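This is what each chain is made of:
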Amino acid sequence: MTPIQRNWAGNITYSSQNWLQPHSLEELQEQVQQAQKVRVVGTRHSFNHIADSPYTNIDVTGMDRISNLDLVHHTVTIEAGVRYGELAILLDKAEVALHNLASLPHISVGGAISTATHGSGVNNGNLSTAVIAMELVTADGSLLTLSQASDAERFAGAVVGLGAVGIISKLTLKIEPTYNIAQTVYLNLPHAVLETDFDAVMASGYSVSLFTDWRGESVNQVWVKRRIDAEKEVDAVVDDGAFFGAMPATNASHPITGVSPEYCTEQLGVVGAWYERLPHFQLRFTPSNGDELQSEYIVPREHALDAFHAIKSMGADIAPHLLTSEIRAIAADNLWLSSSYQRDSVAFHFTWKQEWDAVKPLLARIEAHLMPLNARPHWGKLFTMSHAYLKTQYPKWDDFIALLDDLDPHGKFRNPFINRAIFGVDA
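This is a predicted model, so every value here is computed, not measured.

*Asks:* What is the right way to read the overall build of the chain from this model?
*Replies:* Looking only at helices and strands, the chain features eleven helices and 19 strands. Expected size for 427 residues packed as a compact globule is a radius of gyration near 22 Å; at 21 Å, the chain falls within 12% of this value. With the C-alpha coordinates aligned to their principal axes, the bounding extent of the chain is approximately 60 × 50 × 40 Å. The proportion of buried residues among the 427 residues of the chain is 59%. A total of about 16700 Å² of accessible surface is found on the chain, and carbon and sulfur atoms cover 51% of it. On the chain, the mean spot of the 31 positive side-chain charges and the mean spot of the 48 negative ones are 4 Å from each other.

Spelled out as structure tokens, the structure:
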């Protein structure tokens, strides 16, 4: 019998007793072909049941090869189980880079792409926007290759596919010349500044994150990652003075106040390689099961301050159950189920204590405030939004349904999460 399998946070126990881990494309094709129903699992950093299956789970982390680095056409082709941290090290040795990374470099590329996971930056699309081609194992075990150049519509629908279109076997990503980042943390940014200078604050670096516990009248920390290219400084030179009324930290910080920053990426304005600064945490630190829950809501940029006010009004109720909350910017894209589809966005992320009985009703209340602002949830995190609401937020929703019906007519890749969220069926 397969040992009990859980996600990274330990809040999800997977239902399947049939776990498979292919190490080659041929193995993956055979396993998919023979399965009645199947869901794909990567580095298990989803906090909901999106990857759960009562039938078969296929763990693709054994498919972690980097198959082609093309410095002429500025692309890299990889298997879906590759983790961002390992990919970044290889790219940097070749003096090339990705446009952005998420907070943790430990997550798999395939999983991040499928759920529209993102970093930060007003001009940076989510991680899925780096994809220019993909290879999928479809329901009958055959291969389907889609590219941005040749299959624009189906490609745009399949990239953020939630594991329901097929199982990603390979991805081709855009790369660019390498660059450096200098990261500075500023403390106690007054809320009043956001009322007048929110855009300027979020655009003050290549990547900017605001961390707050929703107590008091200031944001606890602002993490500003300024990009420095080989020949020019893209962002302003690091200033040791005040930042919109916040002061630079004189010691390294952790996003959660009072936690040791030992495993965080280097700060204090020290210049380093892109992959050593864009994440908040170092690759050499392998996280154990995280004693936390996560949820995230992404709103159109024009509604960001309204969302901030709404969440702040709940601060006294949120704070006792919260570890930290992060606010980030994401550029618009054209991927059908992306949380930033056709709109520049601001994400409100919550890292909660593992107190689900208290957190669940808070999510419902937060969502009640944010749904009138057209909030979209992160697909891999906790939310309670209904199918009826979700389908109103994605203009290409019906096209996505049609794509699933075309590529997986018998629902091999569907599970209770997909049935509820996408099809509105409780089964």
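*Asks:* What is the right way to look at the packing of aromatic side chains in this model?
*Replies:* What characterises a pair of aromatic rings is the spacing of the ring centres plus the angle enclosed by the ring planes. Per the stated rule, a full pass over the model turns up 16 aromatic pairs. Put simply, the rings of W379, F383, Y394, W397 and F417 touch in pairs and so form one group of aromatic residues. Lying across the ring of Y179, R227 places its NZ or CZ 3.7 Å from the centre.

*Asks:* How should the sheet that holds strand β3 (residues 56-59) be read in this particular structure?
*Replies:* What holds strands together in a sheet is hydrogen bonding between their backbones, with the strands either parallel or antiparallel. Ordered by their spatial adjacency, three strands build an open sheet running β1-β3-β2, and the pairing between neighbours is parallel. The sheet is open, and its two edges are formed by β1 (18-20) and β2 (38-41), each paired on a single side. Adjacent strand axes in the sheet meet at a mean angle of 25°, parallel and antiparallel pairs treated alike. Alignment of β1 against β3, held across three bridges, turns out to be parallel. From the neighbouring strand, L20 faces β3, where its bridge partner is I58.

*Asks:* In this structure, what is going on with the nonpolar core? I would like to understand it.
*Replies:* Within soluble globular proteins, side chains that are nonpolar generally end up buried alongside one another. L173, W274, F348, F350, W352, W379 and I422 are the most contacted members of the largest nonpolar core, which totals 118 residues. The residues touching F348, leaving out its near neighbours within four places in the chain, are W214, S295, E296, Y297, V299, A304, A307, F308, I311, E326 and I327. Core analysis: the next-biggest nonpolar cluster, separate from the first, contains twelve residues, V38, V60, V137 and A139 among them.

*Asks:* Which parts of the structure should I look at to understand helix α6 (residues 304-312)?
*Replies:* Residue pairs three or four apart in sequence face the same way in an α-helix, which turns once every 3.6 residues. Those residues of α6 that sit buried are A304, L305, A307, F308, A310 and I311. Buried positions along α6 lie against α5 (191-202), β16 (293-300), α7 (315-318), β17 (322-330), β18 (345-352) and α8 (356-370).

*Asks:* Where do I start with the sheet that holds strand β4 (residues 66-70) in this structure?
*Replies:* Pairing within the open sheet is antiparallel, and its five strands lie in the order β4-β5-β9-β7-β8. Each edge of the sheet is formed by a strand with only one pairing partner; in this case those strands are β4 and β8 (143-147). Across the sheet, the mean angle from the axis of one strand to that of its neighbour is 10°, orientation sign disregarded. Summarising the sheet, strand β7 (residues 131-137) and β8 pair through five bridges and their orientation is antiparallel.

*Asks:* Before we go on, may I ask you to explain the packing of α5 against α6 in this structure?
*Replies:* Two measures define how a pair of helices packs: the angle their axes make with one another and the distance between the axes. At their nearest, the axes of α5 and α6 sit 10 Å apart, and the two run at 160° to each other. One way to sum up the angle between α5 and α6 is to call them roughly antiparallel. When the axes of α5 and α6 are compared, the crossing they make is left-handed. Counting all contacts with α5, which are made through H191, L194, E195 and F198, the residues of α6 involved are A304, L305, F308, H309 and K312. Residue composition of the contact of α5 with α6, grouped by class: five nonpolar, two polar and two charged.

Conventions used here
Residues numbered from 1 in each chain as written. Predicted model: local features only at pLDDT ≥ 70, side-chain atom pairs only at ≥ 80, totals over all residues. Heavy atoms only, no water. Helix = DSSP H or I, 4+ residues; strand = E, 2+ residues; numbered from the N terminus. Rg over C-alpha atoms; globule rule 2.2 N^0.38 Å. Buried < 20%, exposed > 50% of the residue type's maximum accessible area, 1.4 Å probe, protein only. Areas by Shrake-Rupley, 256 points an atom, 1.4 Å probe, with all protein chains shown as cover. Lys, Arg positive; Asp, Glu negative; His and termini not counted. Charge placed at Lys NZ, Arg CZ, Asp CG, Glu CD. Phe/Tyr/Trp six-rings, centres within 6.5 Å; stacked < 30°, edge-to-face > 60°. Lys NZ or Arg CZ within 6 Å of the ring centre and 35° of its normal. Pairing = 2+ DSSP bridges. Axes fitted to C-alpha atoms, helices over the stretch in contact; angles between N-to-C directions. Core = buried A, V, L, I, M, F, W, Y, C linked by side-chain atoms within 4.5 Å. Contact = heavy atoms within 4.5 Å. Parallel < 35°, antiparallel > 145°, perpendicular 65-115°, else oblique. Left-handed = near helix turned anticlockwise from the far one by under 90°. Nonpolar A, V, L, I, M, F, W, Y, C, P; charged D, E, K, R; others polar.

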